[in-house]
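Below are the chains, spelled out letter by letter.
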Amino acid sequence: MPAPTSGQTTLQLGWTNPLIGAFGAHPVLGGPLNLNDGQTYTLLSPDGLELSTPRKTVIPTGNIRSQGERVTRATYRENREALARLILGPSSTYGQHIGTIRTLVSWMDASLAYPITLKWRPPGASSPVYLDVVASAHNVPLDESSWARLQVEPVELAFFVRPALRGDRVWLQNLAINPGFGAYGGPAVTVFNDPMANTNAYAGTGASAAASVLTIAAAAFVTFGSPGWGAPNAWTLRFQWITGLTGSFYLHYVNGSNFLRCVVSGTSLQLIHTIAGVSTTLATATIALVTGTFYWLTLTQYPTVAGNPPLVQATLYADSAGAKGAQTATIGPAATADAVTALSGRCALGASGAALAIGGAFSNVFTVSLFGPGGWTFTPNLSTATGMASGAWEQTLASTYPGGPTTSWGAGRVDLPPAGTVDCGWRLYAGGAPAGALGAMPVSAAGDVLQVAVWAKSSGLSANALLRLYVTEYDVNGAQLRQTLVTTLGGNQAAWVQLTGSVTTGASTVYADLMLRVVDTIAAGESANGTVWWDNAQVWDQTQTGIGGGPGGMPYCELRFPQSPAQLIVSGLLGDLPAPCMLALGTYVASMAVGTALNWALGRRGQASANGLLVGAPQGFQSPNTGSSVPATSAVLDASSYGGYYLATTLTSSGFNP
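Please read these numbers as outputs of a predicted model, since none were measured by experiment.

Visitor: Give me the overall build of the protein chain: which residues, what numbers.
Guide: Helices and strands together make up the secondary structure of the protein chain, namely two helices and 38 strands. Out of the 658 residues in the protein chain, the part that is buried amounts to 46%. Relative to all contacts within the protein chain whose residues are 6 or more apart in sequence, the contacts with residues 24 or more apart total 70%. Total accessible area on the protein chain stands at roughly 30100 Å², and carbon and sulfur atoms take up 53% of it.

Visitor: Describe the environment of Ser 279, and please don't skip the residues or the numbers.
Guide: Residue position: Ser 279 is located in strand 19 (residues 278–286). Between the C-alpha atoms of Ser 279 and Leu 260, which are 19 residues apart in sequence, the distance is 9.4 Å. Residues within four places of Ser 279 in sequence aside, it is in contact with Ile 272, His 273 and Thr 274. Looking at Ser 279, its side chain comes within polar contact range of the side chain of Thr 274, at 2.7 Å.

Visitor: Describe the side chain of Ser 458, and please don't skip the residues or the numbers.
Guide: If you trace the backbone, Ser 458 turns up in strand 31 (residues 449–459). A distance of 2.8 Å separates polar atoms of two side chains, one belonging to Ser 458 and the other to Asn 492. For Ser 458, the residues in contact, after removing those within four places along its chain, are Gly 491, Asn 492, Gln 493, Ala 494, Thr 531, Val 532 and Trp 533.

Visitor: How would you sum up the environment of Gly 431? Please name residues and give values.
Guide: Its place among the elements puts Gly 431 in the loop between strand 29 (422–427) and strand 30 (441–442). For Gly 431, a relative accessible area of 24% gives the class partly exposed. For the pair formed by Gly 431 and Glu 473, sequence separation is 42 residues and the distance between their alpha carbons is 9.0 Å. Filtering out sequence-adjacent residues up to four positions away, Gly 431 remains in contact with Tyr 474 and Gly 478.

Visitor: A description of unusual backbone geometry should follow, citing residues and the corresponding values.
Guide: Residues Gly 31 and Pro 32 are joined by a peptide bond in cis, for which omega reads 5°. Note that Pro 32 resides in the loop between strand 2 (23–24) and strand 3 (33–34). In this chain, Gly 89 is followed by Pro 90 through a cis amide linkage whose omega measures 5°. With respect to the secondary-structure elements, Pro 90 resides in the loop between strand 8 (80–88) and helix 1 (94–109).

Visitor: Talk me through the packing of aromatic side chains; I want residue IDs and the actual numbers.
Guide: One pass over the structure, following the stated rule, counts 24 aromatic pairs. On the numbers, 6.0 Å between centres and 70° between planes, the contact of Phe 192 with Trp 229 is edge-to-face. Within this pair, whereas Phe 192 is found in strand 12 (residues 189–193), its partner Trp 229 is found in the loop between strand 14 (213–224) and strand 15 (232–241), the two being separated by 37 residues in sequence. Each member of the pair Phe 192 and Trp 229 is classed as buried. Three or more aromatic residues joined by ring pairs form one cluster here, namely Phe 192, Tyr 202, Phe 224, Trp 229, Trp 235, Phe 239, Phe 249, Tyr 295 and Phe 366. The ring of Phe 294 carries the charged tip of Arg 238 above its face, separated from the ring centre by 4.0 Å. Between the NZ or CZ atom of Lys 457 and the centre of the ring of Trp 533, over which it lies, the distance is 5.1 Å.

What counts as what
- Residues numbered from 1 in each chain as written.
- Predicted model: local features only at pLDDT ≥ 70, side-chain atom pairs only at ≥ 80, totals over all residues.
- Heavy atoms only, no water.
- Helix = DSSP H or I, 4+ residues; strand = E, 2+ residues; numbered from the N terminus.
- Buried < 20%, exposed > 50% of the residue type's maximum accessible area, 1.4 Å probe, protein only.
- Contact = heavy atoms within 4.5 Å.
- Areas by Shrake-Rupley, 256 points an atom, 1.4 Å probe, with all protein chains shown as cover.
- Polar contact = N/O pair within 3.5 Å; in protein donor to acceptor, adjacent residues only side chain to side chain.
- Phe/Tyr/Trp six-rings, centres within 6.5 Å; stacked < 30°, edge-to-face > 60°.
- Lys NZ or Arg CZ within 6 Å of the ring centre and 35° of its normal.

So this is what it looks like as structure tokens:
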């Protein structure tokens, strides 16, 4: 008789909880039942199981006009058979012997009524595998009077199991929402907020700051912000009009021959797009401004499908004690003259005829916000820094991290100002009521270890610049408990580098926040106009997942998105994943008469886009008998929706078509 192998092989009968993937006691039978404990049951085979190999069927497909075939699917034609031999006891009493056999038989016979899992770890294996039992059989005699001989004779157990041998479930749970910065935001994300304490954020001459007011001298011109802003959700500013002033507010300035701007004089509000020196007035309205009076201006670009000209809109408001008052005028949304210069270059300010005063001793008097990235917020000044950095949402693929499982959609970007010290950062959650706070990362239990990893790259940073990762802990009400500096990287990083580290959460921690911080405290401006990119942020609970940190930590995955639609990227999983989806079809038409048919076709094309695309705001059709060619629908900004706008329609006496 072979020597027992107690302690070498794990073989247990139990149940796998389908919700959490954990093996343990059966909800009806109890257990788990250990078939190799060396006391009640002892395996005879060193490996514990004799496991058959199921036959596999491959399904090929081919085309009469192409050579060869390709296999599109493979399936197993039969289950596996697993055979185990074991001896019982020795038992101290005959009654104990009978009870041991009855327990074993009850488990074997129950496999047809209940789901049962066989846990198996052969000698030398670092982790077990799990076999899903379909049916089972045994050689235990029906007559209990014959069971006495089973004290010396082996018992054979035959299990019919599914072909796949499962391992422990791997929890790829990234707590960081929108880790690749690729998802559009719903509410606007503020990326620039200047209190007008100085002019360090502006490049050019003729700008001065005093008493929270930025003054652009007559005939002066300055640029600011990030060239990665693309289509801003809203550029909002408070300005003063005086007699003779014509203020130019450039949404995008490439050079003196290519720019998109809003022009405000005492009598007109205009949107003008200049390409190669040729100017096109997109929209205009007549206004009557009062000299010495402050007004508010909000400029918005509506993103459209890549390659289509974006829409632009300007709205003028009266000032009400440092806040927006009644709406004075609005123009647009109007389509720009192209989709290139309309989205290229930095923002700029210009004045002619008189000086342009912007700001005031109020909050949010000069801000820029974007439609994305969803879930992240930007803090342009975290301390007493004297420079105002600009957050941005990088969508140029050449500037995103290329080493992930797919090409990254985007990256978090920080553009440093021309002068002054810098301390700014992207973060997911700044505290407060956790309900509805999408970026608040839940911690399973206080004392858990959180692993953190993110990729970073920079251009133009000085040796004194620092890239820092912070984890901030909050209690159940969103009150800050503690903040931990996870890791620091100094100097310019010309190539992508991964920053990693861990934090052991403290008492009362329920939520956590990840902050990606850029610091340069040298006032000489050694990092002037530098740029930092952040991508592929990962935060996971090592205590719960069992996955360690470092470069070989959790595979990159995106599991939490602030809104839909979204690209879900999950690495490290094999097999089919059934998922319901919605198919929506649409098209753009310049006009549509009654009875017009729209035709669509479903198929495949050899083109893919790594950028998220928003649906363009449609222009409706106005019936000719109204005497107007102006579309009856227009886009209205709605920062709470995925697309960023909704449609408004004005009905005429002749109705609206369609």
